[in-house]
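This is what each chain is made of:
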Amino acid sequence: MNKAELLKSMREAIVAGDRGAAASLAAEAVRAGLDPAEVVETGYVPGIQRVGELWEQGEYFLPELISSAEAMKSAMAVLEPELRSRRIETRPGGRIVIGTVEGDIHDIGKNLVASMLQAAGYEVFDLGADVKLERFIEEAEKTGARTICLSALLTTTMSNQKRFIGLLREKGLREKYRVLVGGAPASRKWADEIGADGYAENAVAAVKLVKSLEPGGGA
Amino acid sequence: MIATRRPKLELLNGNLVEKIVDEGLTLLERQGVWVENAEALDLLGEAGAVIERASQRARLGRKLVEACLASTPPSIRLYDAAGENEYVVGGDEVHFNPGSAAVTILDHDTQEERKAATRDLVDFYKLVETLEHLHFQSTGLISYDVPSAIADCYRLYLGLRLSAKPFVTGTFRVEGFKPMKDCLAAVRGGERELRLKPLAIFDACPSPPLKWSNLTTQSLVDCARAGIPSELISMGMTGATSLATISGTLVQHVAENLCGLAICQVAAPGSPVIFGGSPSSFDMRKGTTPMGAVETMMIDAAYAQIGKFLKLPTHAYMALSDAKVNDPQAGFETALGAVLGALAGVNVISGPGMLDFESAQSLEKLVIDDGICAMVYRLLDGIAQREDPIALDKFEGFTPETKLLAHPHTRQWYRKEHILAGLADRDPYEAWVTAGRTSIVDKAHTDVARRLEKYVPPPLGADVRGELDRIMAAYARAAGIDRLPVWEL
């Protein structure tokens, strides 16, 4: 397979959600001595972008979306050691802390967002479900993440998203972090009301939101 | 006279029922279930299950589960607060109760969902008390003005003060069970009396796939020992927390529910258990759990058929909708579920009043849905041969001038054969226009006010009221809460 064919196959493997192919193509690229950063940018990333388009067109549903995100992960697992050895930032998108707020054990939606962010090149620190609010801050301080995503599925627990903003203010850290909220009962109006930096209604929208909020991201 | 046929729906081929049960039992034996409760693991272990302590995993052999099935009563009798009206939960009996538990109420005036307060819960209980086709109450709203540490008991306490119907309820905390049981015993006149005449069903939900949490397992153990029926609410979401195929989801449903049943039986052999659930077809675009999807209703009707095969009382979350207001979707999803559930012979159908993926309740919808339930009960009564001959004798001496409207036969039978119209519009067009083009939702709103006006509180003795107040106050104090929301009858 020449380089152009390889890159095309990588894109196709991601669109098809084929984990095995995505990883073996990455290994082939490494053996051929290709630049791993170029492979990610011109092979895999166009694939996940196409998946986002197919989702928005109503062609793809959650199983396709998640399979593609998983394929992306398996390719990155092969390429990351190469990128690191060349001292290339493995996750150019930056770091993100995510979790479902305390009192709430629902994590399907949060997992979707975490997977899509990972697939889009972010380093995601997923704290799981029923996460104490202080833990989000501790993890962000420890990892250097600047974006914190809070999920809540219950109207009874979404108030914790509001409490979290208050907690950041108390600690004098509000300006340091971008706080994004999501989950069934959340809305753009709710995000505005509690002073969050953004709201996304689904995993694809969440990736767009995070990108738009980056310095120079156009928001 | 020819016997009346009760209309009945069976979705599964009998061989498929047996295969699903067989795979469910094998799954329990090979894969097992995670039970995050040390006491239940001990009990299961003593009864012969293979326990893996470190991972909290229990593998239940076929013999153990079959023995547990054999010791579970095939039907349960619930009684109202006075202990007079008896409701059989078993056979093909059908009892509707409001869907539970919502955190918001649809405000008729604004047509917006808002957080439910204690005053809303009071109206909810009073209204349901007047709705004759909802045989059971539910602790159906979680009010935001009550601290969460006591919310489970408080909603039952309030319900017992306001309603005489049997309850469907459940715990939010392990500590909630004792005061809730004490409240029930206070109304019934003692723990032994409560065991003989249960007043409430407690819901307990496994966490799919194949896990029973500490809270819900403890509820099973506590209820079994007190003789309170546990309703097992397995709730796989197709393709997300259970297999994408309906039959695959049913296998998991059987395994999860039978593990719950076994926990009840090893805690107290012979304890009452209901084979229920709240599974759903998972929406692969929105990531939501539509209760109004036809596939959800198919799963429900099918596991009810399996429950009957296992000779167990059954329950399902049906007759509810995912619509956000009382629009056509709210009506068709609710009616479709009510009809299918009833035809499947589901004994306890939780759903009326509910909107928005089990998260909202609407008083207007409760009234509309009560009318749906009335039609469903009529449907279940079937078509009877009332007389012999059926018709021939009525045609003797018949002429074109014969007025059937004035015929004694009409007067004799029309009220028995036909239910009188509820809120559904049956006006001729012009009359409907003249009457102001009123929608069923507006009529329901007027009816809610009328019903709340005519509500009569249950005749609780002063001593019982005092005892309920004392139990509630003590539980609140123990949780560090010294004030409860003020409410009035």
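Residues numbered from 1 in each chain as written. Chains lettered and ligands numbered in written order. Predicted model: local features only at pLDDT ≥ 70, side-chain atom pairs only at ≥ 80, totals over all residues. Heavy atoms only, no water.

Glancing now at the overall build of chain A. Looking only at helices and strands, chain A has 9 helices and 5 strands in total. Along chain A, helices and strands appear, N-terminal first, in the series α-α-α-α-β-α-β-α-β-α-β-α-β-α. The C-alpha radius of gyration computed for chain A amounts to 18 Å, which stays within 12% of the reference 17 Å derived for 219 residues, consistent with globular compactness. Summarising its shape, the C-alpha atoms of chain A cover approximately 55 × 40 × 30 Å along the three principal directions. Looking at chain A as a whole, 47% of its 219 residues are labelled buried. The contacts of chain A with a sequence gap of at least 6 include a subset with a gap of at least 24, amounting to 69%. As presented, chain A carries roughly 10,300 Å² of accessible surface, and 49% of it is formed by carbon and sulfur atoms. (Helix = DSSP H or I, 4+ residues; strand = E, 2+ residues; numbered from the N terminus. Rg over C-alpha atoms; globule rule 2.2 N^0.38 Å. Buried < 20%, exposed > 50% of the residue type's maximum accessible area, 1.4 Å probe, protein only. Contact = heavy atoms within 4.5 Å. Areas by Shrake-Rupley, 256 points an atom, 1.4 Å probe, with all protein chains shown as cover.)

Moving on, we come to the confidence of the model for chain A. Per-residue confidence for chain A averages 90 on the pLDDT scale, and 96% of its residues sit at or above 70. Mean pLDDT in chain A bottoms out at helix α5 (residues 108-119) of chain A, which sits at 87, and peaks at helix α2 (residues 19-31) of chain A, which reaches 97. (pLDDT = per-residue confidence, 0-100.)

Our next topic: the interface of chain A and chain B. With 10 residues of chain A at the interface, the matching set in chain B holds 10 residues. Both faces combined, the contact of chain A with chain B buries some 790 Å², and carbon together with sulfur accounts for 71% of it. Together, Leu62, Ile108 and Thr155 of chain A form the three largest contributors to the area buried by chain A at its contact with chain B, with a combined 52%. Applying the counting rule to chain A against chain B returns 0 salt bridges. Linking chain A with chain B are 3 residue pairs in polar contact (both at pLDDT 80 or more). Split by residue class, the side of chain A that touches chain B holds 6 nonpolar, 3 polar and 1 charged. (Buried area = accessible area lost by both parts, 1.4 Å probe. Salt bridge = Lys/Arg side-chain N within 4 Å of Asp/Glu carboxyl O. Polar contact = N/O pair within 3.5 Å; in protein donor to acceptor, adjacent residues only side chain to side chain. Nonpolar A, V, L, I, M, F, W, Y, C, P; charged D, E, K, R; others polar.)

Sheet strands line up and pair through hydrogen bonds in the backbone, either parallel or antiparallel. Residues and elements named next belong to chain A. Taken together, the 5 strands give an open sheet; going across it, the order is β2-β1-β3-β4-β5, and neighbouring strands pair in parallel fashion. Both edges of this open sheet fall to β2 (123-126) and β5 (198-199), since each of them pairs with a single strand only. As paired strands, strand β1 (residues 95-100) and β2 are joined by 4 bridges and run parallel to one another. Paired with Ile96 across the strands is Val124, a residue of β2. Lying over the sheet, helix α9 (residues 203-213) contacts β1, β4 (178-182) and β5, oriented at roughly 165° with respect to β4. (Pairing = 2+ DSSP bridges. Axes fitted to C-alpha atoms, helices over the stretch in contact; angles between N-to-C directions.)

Below, the discussion takes up the sheet that holds strand β11 (residues 200-204) of chain B. All names here are of chain B. Ordered by their spatial adjacency, 5 strands build an open sheet running β9-β10-β11-β13-β14, and the pairing between neighbours is parallel. Of all the strands in the sheet, the pair left with one neighbour each is β9 (137-138) and β14 (273-277). Sheet analysis places β9 next to strand β10 (residues 167-169), joined by 2 bridges and oriented parallel. Its bridge partner being in β10, Ser138 is matched across the sheet by Val168. Its contacts with the sheet put helix α8 (residues 214-226) on β11 and β13 (230-234), and the angle it makes with β11 is roughly 150°.

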